[in-house]
Amino acid sequence: MTHIHSNRIRLGLALVAVLAVAGPSTAQAKTQHHYKSVIQNGTLSTANGYPGVGGTAVTAGTWSSDLFGKGALVDHVTITGNPAPSVIAFKGTEFGFVSDGSLKNKFSGTSTVQPDGSQKISVTGRYVGGTGPYKHATGSFKFTGSTEPGGSVITGRSTGTISY
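What you see is a predicted model; the values in this text were computed from it and never measured.

*Asks:* I'd love a proper account of the packing of aromatic side chains, names of residues and values included.
*Replies:* A full pass over the atoms with the stated rule returns eight aromatic pairs. Geometrically, the ring pair formed by phenylalanine 68 and tyrosine 164 is tilted, given 6.5 Å between the ring centres and 35° between the ring planes. With phenylalanine 68 in the loop between β2 (56-65) and β3 (69-84) and tyrosine 164 in the segment after β8 (154-163), this pair connects stretches of sequence that are 96 residues apart. Judged by relative accessible area, phenylalanine 68 falls into the buried class, the value being 8%. Since its relative accessible area comes to 24%, tyrosine 164 is described here as partly exposed. Look at tyrosine 127 and phenylalanine 141: their rings are 5.6 Å apart centre to centre, the planes differ by 55°, and that puts the pair in the tilted class. Highlighted residues: tyrosine 127 in strand β6 (residues 119-130) and phenylalanine 141 in strand β7 (residues 138-147), separated in sequence by 14 residues. Look at tyrosine 127 and you get buried, because its relative accessible area is 7%.

Right under this line is the structure:
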């Protein structure tokens, strides 16, 4: 065996060893999914003068989706303003827990108090990751919901597109 031939064999074996250790590529293209869901959410705690500007709340509830199945939600909400006398603006982060991981999103929206004391809630948000298969999730959603007059439990529906 010549010295050049021996070096080529060693180089080839080294490349095979590196590829064997690296294994197949773990990078996969994200797949886009559309979903619909039903949400019921209630307030667990409030602070800092909630529902005044700067006030905060923690809410939690159930989440049933045609894509993820049954899960739970936890929201951290901050009141950002009162754009009209009966309208409260807010923003926050939400964690959705499903059987194979969790999803995180950031949202903003408004709650409009109706003459009968009920509220209409409108939210838009975007996914910013999660755990498990949703670690690098991206996408967006819209939520519309309401409360009963004088109530604090929000019931509503969301639709969205998520890639993971």
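*Asks:* Just give me the short version of the sheet that holds strand β5 (residues 101-113), but keep the residues and values in it.
*Replies:* Strand order in the closed barrel formed by eight strands is β1-β2-β3-β4-β5-β6-β7-β8, with antiparallel pairing between adjacent strands. Pairwise comparison of adjacent strand axes, ignoring direction, gives a mean angle of 25° for this sheet. The pairing of β3 with strand β4 (residues 87-98) spans ten bridges and is classified as antiparallel. Following the sheet pairing, alanine 72 is matched in β4 by phenylalanine 97.

*Asks:* I'd like to hear about the environment of serine 99, residue by residue, with values.
*Replies:* Relative to the helices and strands, serine 99 is located in the loop between β4 and β5. Along the backbone, serine 99 and alanine 72 are 27 residues apart, and their C-alpha atoms lie at a distance of 9.8 Å.

*Asks:* Let's hear about the nonpolar core: which residues, and what values?
*Replies:* Of all hydrophobic cores here, the largest spans 20 residues; its most connected members are Trp63, Phe68, Phe90, Leu103, Val123, Tyr127 and Ile162. Elements with a minimum of two residues in this core: β1 (32-47), β3, β4, β5, β6 and β7. Apart from residues lying up to four places away in sequence, phenylalanine 90 is in contact with Val77, Thr78, Ile79, Thr80, Phe107, Ser108, Gly109, Thr110, Ser111, Ile121, Ser122 and Val123.

Conventions adopted
- Residues numbered from 1 in each chain as written.
- Predicted model: local features only at pLDDT ≥ 70, side-chain atom pairs only at ≥ 80, totals over all residues.
- Heavy atoms only, no water.
- Phe/Tyr/Trp six-rings, centres within 6.5 Å; stacked < 30°, edge-to-face > 60°.
- Helix = DSSP H or I, 4+ residues; strand = E, 2+ residues; numbered from the N terminus.
- Buried < 20%, exposed > 50% of the residue type's maximum accessible area, 1.4 Å probe, protein only.
- Pairing = 2+ DSSP bridges.
- Axes fitted to C-alpha atoms, helices over the stretch in contact; angles between N-to-C directions.
- Core = buried A, V, L, I, M, F, W, Y, C linked by side-chain atoms within 4.5 Å.
- Contact = heavy atoms within 4.5 Å.

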